[in-house]
Amino acid sequence: MATVETDARTVETTGETTPVDLAWLAEQIPYRFYQECIHCGFCLPTCPTYVLTGDENDSPRGRIYLMKSVADGRLAVGPEIRKHLEFCLDCRACETACPSGVKYARLVEPFKIELIRKTPPGKGFGTLQKVVLHHLLPYSNRVRASLLPVRLLQKIGLMNPLRKSGLFKLLPSTLRNMEATVPTLQPASNLPEVLPAIGPRRARVGILLGCVTDVMTPQTNSATARVLRRNGCEVVVPRAQTCCGAIHYHSGAEAPALAMARQNMEAFDFENLDAIVVNAAGCGAMFKSYDHVLPPEERERAARFVAKVKDVSEFLMELGPIPPDNPLPLKVTYHDACHLRHGQQVYDQPRRLLEMIPGLELVPLAESELCCGAAGTYNLTEPEAAHRLGRRKAGNVEATGAAVVASGNIGCTLQIGRHIREAGLNVEVVHPVDLLDRAYEGGS
Amino acid sequence: MVRLRPILMECEAMPTTAADASLIAELTELLGEEGVIHRHDERVVFECDGYVIDKAMPDVVAFPTSTEQVAAVVKLCNRRGVPFVPRGAGTSLAAGTLLPEGGVMINLTRMNRVLEIDVRDRYAVVEPGLINVWLTEALAGTGLHYAPDPSSQVACTIGGNVATNAGGPHTLKYGVTTNHVRGVELVTTEGEVVWIGGLVADQPGYDLAGLLVGHEGTFGVVTKIVVGLSRNPEAGRTLLAVFQTIDDSVSAVSDIVAAGIVPAAVEMIDNLMIRAVEEAYHFGFPLDAEAVLIIEIDGIEAALDREARAITEIVQARDGRIDRNIAWRTRKEPEYKSIWKSRKSAFGAIGRVSPTFCTQDGVVPRTALPQILRYMGEASKRYGLRIANVFHAGDGNIHPIILFDEKDADQVKRALEASRDILAECIRLGGSVSGEHGIGAEKIAMMPLLFSPDDLAAMAALHEALNPGGLCSPHKKIPMGGHCVEQVAPGRHAPA
Ligand SMILES: Cc1cc2nc3c(=O)[nH]c(=O)nc-3n(C[C@H](O)[C@H](O)[C@H](O)COP(=O)(O)OP(=O)(O)OC[C@H]3O[C@@H](n4cnc5c(N)ncnc54)[C@H](O)[C@@H]3O)c2cc1C
Ligand code: SF4
Ligand code: SF4
């Protein structure tokens, strides 16, 4: 048992504590953010981790209580607190549920960053996370090569033994030096830099390709560009754009994340664009947070950038979408990606777009708002819980009898796709714009 | 080890408990590692529920997954003389899940299945940890629903509802929890498993199931519940009536009932609350209204418009107007969902206006609503504190929310005094100090104001018969002599 001195009193914790920097946390988190939680419990049943364990410690209300206790100097961050905070998916379902307007992500993110920063190298998930997240994901041309083995290892349950064996340590040494540089993406979707509008021009928009999307589902990027053009948009694909920085930011590497934010704000000539269109919910949510993750002196400019950022469905509905002509006689269901539903409060727009497609039957998905377990890097860090959520999602999809499940986030697409395959289901997983594109281009 | 004790004056020696290693070991043997929380850092979050003023950490938190496990835990506690308390979602507004001297908290969140739905005989058998609204969701497509709908229904459990006899906006027409519970499986305070009541309603003999509803966890742990289900109404109208004065609004409530109309719900929201709710949900409540009523009627479509007209006339006679008239059939209509979401989450929205506030849960005869609201207006002036109101007007169940700054000791004191004054006035007007949130540990000191010593003695005798030794949920509901809880800070939260 370790005893930690705090300003107020001596608290006892059970095990090794993580020495978090309370002053830094206090700078990041205004105290009123904690007080906004009135402890009503409304968020509990919407939280995927609470639904799994039924333990208040795994609920939003509980985690806020823990964080507040840490901020108050009442608790040190022992292994239990760490476990419960890391178990959080960062899906932000609790924000949607909260009547008091608690900004949960603004509380938990600095904590998670601080926890990862204070993890001694080679401990816990640190190594693996740093390898996969910092070194591989943002460089999209390496993603395909690197992600697959990790996913495979995970699937056959070898990840833990491998990590323990120290084999993984070989990887970072070869890739370590890359962290400092911010790379430029070479789009796999091979889109030219400017694509003209089809028909009269109604808007000029930039699109973000996204590292994982562009490698795993480049067709979705092409579809996004075509659908926008069909709706009268001139589409700009800035060459200098880079990873949104979400994965870095959420795993504690604040500096590279901010460098990426700055580079993107440069790359998109946003003052001269009507919108910056994003088709991956996780990236969209990160883009929209640039105005509070950057230091105060840069926030005003960032706010102007953020004002232009739109999820593709959000943008199309604001623009007034042109209905597609070709029927798609398909039974489709829609999964609410957390970073769209909860992170950006976009839920109606993708459904309206799908309903616009002639012949398409949109059927409701039970628990459509429950996280599928992808949640950023969660399936790497909490494989067991991610599995359970993934299986649950696949089961709900199966129950709808739909032939296609649409979701607005690449992470969800990969996670749901995998669990659908594992369940032996014959269901296609797509982005809503993939379906729209088919309906514009001639059906299938 | 730091344990925050509630503000408790010890009038005589109390038994002490210690979660010694052997208790933890025995619990772990019963429930497995997964089912027991005993480390300090993980117990902290269980030190309070929806009521956050008084806090006490349990020594151990147990997560049983079956009736047998609950019974085994209760027997173990009895054998070792350790106090225990059941807990559902922890939305209690009366410190119902507090264990003032520590002990074992029995958390029922992992017993949350719907065991059976019988559409023809209109009942469902559920486990206690089932979330209220999940039952209604499970009934989708059957044409039935579970009527008691506390504002907290998205989070609270049916076990907790049974224990507190929860009410809600639709209580006015459909009754409170007790009207919908046919039977329960109970693990008695000594660990025996018994069935009380059954699948059919209104059995002969004493209404023992009725006795159990509202026991606030003092008669044992409820492990299964047979609830009656209600048929969905064919259609309904939800009216938003806008008034220039609070007096007019609550007078209109009595007028409506006096005219022989039985609305499904009548909810009042005053100006301060309207503004907070509007900021949170943008429903479109008129910001200049002094008060609004949400009046719902339901039943056979053919009769609804006539009833709505009658209500409109009553509202107009009180210088009010109908701002919306939402016609619905499925309760899934966006505008319907939006107005009720605004209402049911109203309490949470007050956090946007003031981080600290306290609320009370009082009842007055419906016709005394104008008096009590006037009294509150005066109290607000007298104490120099803002008071917001949102409540189940049809039942005369008020929930004044007093806003104050917790850093200002004088304001805290004034808020507490204002709360007490208002509750005392409720009693004076022929009402009571708890409409639906229960007595818990919070209001136990008010019981002598409400009941004569003889009444209290009778209740204590019942308590002693069903909870001999008092290990189950100590210091709750009924003052058992010995201890008196003194409140030094106002209850901060407590919605309607
Ligand atoms: C925002 C908000 C709005 C609310 N609105 C309403 C409202 O409109 N109407 C209303 O009536 N209440 C309301 N409440 C109060 C609260 O939600 C109810 O009292 C609810 O019934 C508590 O359920 P729970 O599952 O959270 O129980 P808990 O808070 O966990 O426990 C409440 C009490 O029940 C006991 N208990 C729990 N489970 C069992 C069991 N299985 N067996 C025996 N005893 C048990 C506990 O010991 C405790 O005494 C509101 C609360 C909040 C925070
Ligand atoms: S819903 Fe919001 S205010 Fe209520 S407990 Fe959860 S985070 Fe706190
Ligand atoms: S972000 Fe998601 S997992 Fe984390 S507390 Fe909120 S609802 Fe739960």
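Conventions we followed
Residues numbered from 1 in each chain as written. Chains lettered and ligands numbered in written order. Predicted model: local features only at pLDDT ≥ 70, side-chain atom pairs only at ≥ 80, totals over all residues. Contact = placed C-beta atoms within 7 Å. Helix = DSSP H or I, 4+ residues; strand = E, 2+ residues; numbered from the N terminus. Nonpolar A, V, L, I, M, F, W, Y, C, P; charged D, E, K, R; others polar. Pairing = 2+ DSSP bridges. Axes fitted to C-alpha atoms, helices over the stretch in contact; angles between N-to-C directions. Near = placed C-beta within 6 Å.

Description of the interface of chain A and chain B
On the side of chain B, 28 residues touch chain A, which itself brings 30 residues to the contact. Of all the elements in the fold, those that place two or more residues in the side of chain A that touches chain B are β2 (10-13), α2 (31-35), α4 (60-71) and α5 (79-87) of chain A. Top element by residues in the side of chain A that touches chain B is α4 of chain A. It accounts for four residues. Looking at the side of chain A that touches chain B, its residues break down into 12 nonpolar, 12 polar and six charged.

Quick word on the sheet that holds strand β10 (residues 404-407) of chain A
Residue and element names in this part refer to chain A. Strand order in the open sheet formed by four strands is β9-β8-β10-β11, and the pairing between neighbours is parallel. The open sheet has two edge strands, β9 (361-363) and β11 (428-430), and neither has a second partner. Adjacent strand axes in the sheet meet at a mean angle of 30°, parallel and antiparallel pairs treated alike. Direction of pairing for strand β8 (residues 331-335) relative to β10: parallel, over a ladder of four bridges. Note on β10: the bridge partner recorded for histidine 335 is serine 407.

Looking at the site of ligand 1
The local shell around ligand 1 holds 43 residues, among which Gly88, Gly96, Gly159, Gly160 and Gly217 of chain B are the closest. Chains contributing residues to the immediate surroundings of ligand 1 are chains A and B. Of all elements in the fold, only β4 (84-87), α5 (158-164), β11 (221-228) and α12 (346-349) of chain B reach the threshold of two or more residues within the shell around ligand 1. With five residues, the top contributor of residues to the shell around ligand 1 is α5 of chain B. By residue class, the composition of the shell around ligand 1 is 16 nonpolar, 23 polar and four charged.

Quick look at the site of ligand 3
Residues and elements named next belong to chain A. The immediate surroundings of ligand 3 are formed by 13 residues, with Cys47, Pro60, Cys88, Cys91 and Cys94 found nearest. At the level of secondary structure, the elements contributing two or more residues to the shell around ligand 3 comprise α3 (48-53), α4 and α6 (93-97). Along the lines of polarity and charge, the residues of the shell around ligand 3 split into nine nonpolar, one polar and three charged.

Note that every value here comes from positions in space, so none of it alone points to a role or purpose.
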